[in-house]
Amino acid sequence: MKKLLSIFLAALMLLTIIPTAFAASVPSIKTTVDKTTIKVGDIVTVKATISAKSQICALGYELSYKASDFEYVSHELGGVFSLELAQNNETSNGENVFKYAGTTEGCHTGAAATLLTVKLRAKKTNGKIYASLNEAYTSTGGDDYVNVLPEMSKTSNTSFAFKSDAKDYIKIKTPSNTTIRYKDGIVLHAETNTTLPSGATIKWTASNGNFKTSESDNGKKLTIISESNGKTVFTATLYSASGSVIETETIEMTSKAGFFDKIGGFFRNLFGTTKIYAE
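Remember, predicted model here, so these are calculated numbers, not experimental data. (Residues numbered from 1 in each chain as written. Predicted model: local features only at pLDDT ≥ 70, side-chain atom pairs only at ≥ 80, totals over all residues. Heavy atoms only, no water.)

**Q** Could you give an account of the sheet that holds strand β16 (residues 201-206), with specific residues and numbers?
**A** Within the open sheet, the 4 strands sit side by side as β14-β20-β19-β16. Their pairing is mixed. Edge positions in the open sheet fall to β14 (179-181) and β16, since each of these has one partner strand only. Between one strand axis and the next, the sheet turns through 30 degrees on average, direction left out of account. Bridge count for β14 against strand β20 (residues 245-256) is 3 bridges, and the pairing is parallel. Paired with Arg181 across the strands is Lys256, a residue of β20. (Pairing = 2+ DSSP bridges. Helix = DSSP H or I, 4+ residues; strand = E, 2+ residues; numbered from the N terminus. Axes fitted to C-alpha atoms, helices over the stretch in contact; angles between N-to-C directions.)

Here it is, written out as structure tokens:
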């Protein structure tokens, strides 16, 4: 009885030791990006690296991202496996998926190496990229293969969140009154929080023609006068010397120009009592 108990305990200890030893040798794919602070138009370089002596014989890997966040530019394969395939696919739901598949007659036994490099162009500054495995097999010798995807996914799957590199150069000052009577006006201010980049300029645009507009002080001021009834979104855009967008700020204003407002505005304009609020 004591002998059977000893054998049982030894077997139990073996079962608890084997997973730990196996976990320590589980290979991984490490994905990195060269930057996470970006502006529209920046190229983001994504690199996937396979760990040393991985013993991986076949691998499936993919990057996924919204088509509205990034666009595919190019890729370069690392040659880790003798047969490699890669393709970028745009799905019907607005997702882009870059898929990679690699296999070889033997298994990867060399040093850590670059599996592939993918370049994407930013279309927005707050996008996300997801990296994940969908296949991973190692060999136990001969024609026997073991699926190690569940173990590898724990250390290989990852994601990256991006943010704007804008330094908040400008900010539109919120006026005390955002509703302007017909023929009255107000001056909007694009305040500069720090020294602007050399050669940078500020330009204003409006979402419609409800207000008559006029810029001054190199774009730092915009005078708007109520003309038609409705809401208007004004956008102050900071451009670099080369014409690329550095930063944008918006504000919504309301033009109160209904029928009776126009009658009152007509008489105020006639007697010179309309106002332009300087703020």
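**Q** Go over the layout of surface pockets, please, and point to the residues and values.
**A** Space inside the largest pocket adds up to approximately 230 Å³. Lining the largest pocket are 12 residues, with Lys39, Val40, Val245, Ile246 and Glu247 positioned closest to its centre. The element best represented in the lining of the largest pocket is β20, accounting for 4 residues. The residue inventory of the lining of the largest pocket, partitioned by class, reads 4 nonpolar, 5 polar and 3 charged. (1 Å grid on protein atoms, 1.4 Å probe; cavity = no way out; pocket = protein on both sides within 12 Å on 5 of 7 lines; lining within 4 Å. Points joined across faces, edges and corners; volume = space filled by probe spheres on them. Nonpolar A, V, L, I, M, F, W, Y, C, P; charged D, E, K, R; others polar.)

**Q** Kindly report on the packing of aromatic side chains, identifying the contributing residues and their values.
**A** Taken as a whole, this structure holds 6 aromatic pairs when the rule is applied. Taking 6.0 Å as the distance between ring centres and 20 degrees as the angle between the ring planes, the aromatic pair formed by Tyr72 and Phe98 counts as stacked. Taken together, the residues span a long stretch of sequence, with Tyr72 in strand β5 (residues 70-77) and Phe98 in strand β7 (residues 95-103) at a distance of 26 residues. When the ring of Phe266 is compared with that of Phe267, the centres are 5.3 Å apart and the planes differ by 80 degrees; the resulting orientation is edge-to-face. (Phe/Tyr/Trp six-rings, centres within 6.5 Å; stacked < 30°, edge-to-face > 60°.)

**Q** Can you break down the sheet that holds strand β1 (residues 29-33) residue by residue, with the values?
**A** Spatially, β1-β3-β8-β5 is the arrangement adopted by the 4 strands of the open sheet, whose pairing is antiparallel. The open sheet has two edge strands, β1 and β5, and neither has a second partner. Taking the axes of each pair of neighbouring strands and ignoring which way they run, one obtains an average angle of 20 degrees across the sheet. Where β5 and strand β8 (residues 113-122) come together, 7 bridges link them in antiparallel fashion. For Phe70, the partnering residue across the bridge sits in β8 and is Ala122.

**Q** Can you lay out the confidence of the model for the protein chain for me, pointing to particular residues and giving the numbers?
**A** Put simply, the protein chain has an average pLDDT of 87, and 90% of its residues get 70 or more. Across the protein chain, element-level confidence peaks in β1 with a mean pLDDT of 98 and bottoms out in helix α1 (residues 2-24) with 36. (pLDDT = per-residue confidence, 0-100.)

**Q** An account of the state of the cysteines is requested, with residue identities and associated values reported.
**A** Per the counting criterion, the structure on display carries 1 disulfide. Cys57 shares a disulfide with Cys107; S-S distance 1.8 Å. Since a negative S-S torsion denotes a left-handed disulfide, the Cys57-Cys107 link at about 50 degrees is right-handed. Taken together, the residues Cys57 in strand β4 (residues 56-66) and Cys107 in the loop between β7 and β8 connect sequence positions 50 residues apart. (Disulfide = S-S within 2.5 Å.)

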